[in-house]
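Survey of secondary and tertiary structure
The primary structure of each chain is shown beneath.
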Amino acid sequence: MLPIIYHENYDIPVPKAHSFVGTKFSDLFNNLQKKYSHNLDVLEPFPAQLNNLKESHDVDYINKVEKDELTKNYLKLINLPWSARLRDRSYLETEGTYLTAKTALDRGLACHVGGGTHHAHYDHGFGFCVFNDLAYTAIRLIKEKLVKQVLILDLDVHQGDGTIDICHKYSSIYTCSMHSETNFPYDKKQGCMDIGLPSHIEDHEYLNQLEETLEKIKQHITPDIVLYDAGVDVFRDDKLGNLQVSLEGIRQRDLMVLNHYRKLNTPVATVIGGGYSKDKEELAKRHSIIFETAIKYL
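Residues numbered from 1 in each chain as written. Predicted model: local features only at pLDDT ≥ 70, side-chain atom pairs only at ≥ 80, totals over all residues. Heavy atoms only, no water.

1. A word on the pairing of strand β1 (residues 2-5)
Working note: regular strand, side chains alternate between the two faces of the sheet. So the rule is basically this: Accessibility here uses a 1.4 Å probe with only protein chains present; expressed as a share of the type maximum, an area under 20% marks a residue as buried, one over 50% as exposed, and anything in between as partly exposed. Working definition: helices are DSSP H or I runs of at least four residues, strands are E runs of at least two. Numbering for both runs from the N terminus. In this description, strands pair whenever DSSP reports at least two bridges between them.
Taking every second residue as pointing to the same face, both faces of β1 are buried, with Leu2 and Ile4 on one and Pro3 and Ile5 on the other. Both β1 and strand β2 (residues 40-43) contribute to a ladder of four bridges, which runs parallel. Looking across to β2, one finds that Pro3 is bridged to Asp41. Pairing of β1 with strand β3 (residues 109-112) involves two bridges; the strand directions are parallel. Residue pairing in the sheet places Ile5 in a bridge with His112 of β3.

Below, the structure written as structure tokens:
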């Protein structure tokens, strides 16, 4: 069975006109339950605690989140309507990725029905992200001596700028972001490995670049775990994307990543990352690809 991590309070209230689909977590979970309930082992996270969060985020910022005291400038950067649900979900989802990673260490592969909030920086949120679940998880794994080296492989269409910002001082965390060169965020950061793709790149070139990238990573790190951001905003019809990758291209991408690291016996923890569409059903199916790929792989 595939372990998946989910909480019923992941959804957030968002206006219909907003680019972010607030129900995409339950939409995805319900879609998976309909098709694969007998293949899934569902685990539920508790909220992240302050003593753990402060390893990856500024205490003053965490307190502002906790007390609903974020100013207009903070909220403008996050670009989501603030609510108690968004606040609480941020603690849950951040811990959810850590639980996914711990489960992957135990069982080889685990998938989070959420996560990928890679734009959140040390002292502020950004781009729909309040806390950075990937940085939080990588740092906790290292601090708790569960692993020695972590690879964060970020294949969202947008660069994981916040992850780079938080993790740059940790030599034991290797960040690789393969993203659109001309998409948000426009102030790109310099991580361990950054692959800026030209807009409108199609399947063949995209997958060739990924294959080269995975081989290059081997020259720099032998990770004890891979945190894989399987963002589906690389899709050609994504509302906020500008690449031309097909659904089959996304399937091939996810299979390539799983094949590469599981053959090396490296645990893989996946998060869903970005994906944007006015069609909620289509978006849920797109986000399901990594889960379907993982189930078939197992």
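There is more to say after this.
2. Quick notes on the pattern of salt bridges
Test applied: What counts as a salt bridge is simple: a side-chain nitrogen of Lys or Arg found within 4 Å of a carboxyl oxygen of Asp or Glu.
Applying the stated criterion across every chain, the model contains 15 salt bridges. Of the charged contacts, one joins Lys35 and Glu292 as a salt bridge, the two residues approaching to 3.9 Å between their closest N and O atoms. In this pair, Lys35 sits in helix α1 (residues 24-36) while Glu292 sits in helix α11 (residues 289-297), placing the two residues 257 residues apart along the sequence. The exposure class of Lys35 is partly exposed, given its relative accessible area of 40%. Notably, a salt bridge pairs Asp238 with Arg286, separated by 2.7 Å at the nearest N-O pair. In this pair, Asp238 sits in the loop between β7 (225-229) and α9 (247-263) while Arg286 sits in helix α10 (residues 280-287), placing the two residues 48 residues apart along the sequence. Looking at Arg286, the relative accessible area reads 1%, which means it is buried. Overlapping salt bridges bring together Asp68, Arg87 and Asp88 as one network.

3. Focus: helix α3 (residues 59-66)
For clarity, the cut-off: To be clear, the arc concerns the directions from the helix axis to the C-beta atoms. We call two residues contacting when some pair of their heavy atoms lies within 4.5 Å. Here a polar contact is recorded for every N or O atom pair within 3.5 Å, except that within protein the pair must consist of a potential hydrogen donor and a potential acceptor, and residues adjacent in sequence are included only if both atoms are side-chain atoms.
Buried within α3 we find Tyr61, Ile62 and Val65. One face of α3 carries all of its buried residues, which in axial projection span an arc of 100 degrees. Taken together, the buried residues of α3 touch α2 (50-53), α4 (72-78) and α5 (84-107). Two or three places before Asp60, at the opening of α3, Asp58 has a side-chain oxygen 3.2 Å from that residue's backbone nitrogen.

4. Things to note about the packing of aromatic side chains
Stated precisely, the cut-off is as follows: Between 30 and 60 degrees the pair is tilted, below 30 it is stacked and above 60 it is edge-to-face, where a pair is any two Phe, Tyr or Trp rings, Trp via its six-membered ring, whose centres lie within 6.5 Å. Lysine NZ or arginine CZ positioned within 6 Å of the ring centre and within 35 degrees of the ring normal marks a charge as sitting over the ring.
For the structure shown, the criterion picks out 11 aromatic pairs. Ring geometry for Tyr6 and Phe29: centres 4.1 Å apart, planes at 5 degrees, overall stacked. With Tyr6 in the loop between β1 and α1 and Phe29 in helix α1, this pair connects stretches of sequence that are 23 residues apart. Across the pair, exposure class does not vary: Tyr6 and Phe29 are buried alike. For the ring pair Phe20 and Phe128, a centre distance of 5.6 Å and an interplane angle of 70 degrees mean the geometry is edge-to-face. Placement of the pair is Phe20 in the loop between β1 and α1 and Phe128 in the loop between β3 and α6 (133-143), with a sequence separation of 108 residues. Side by side, Phe20 and Phe128 carry an identical accessibility label, which is buried. Ring-pair connections join several aromatic residues into one group, and the members of that group are Tyr6, Tyr10, Phe20, Phe25, Phe29, Phe128 and Tyr276. Sitting over the face of the ring of Tyr276, Lys24 holds its NZ or CZ atom 5.5 Å from the ring centroid. The ring centre of Tyr98 lies 3.7 Å from the NZ or CZ of Arg140, which sits over that ring.

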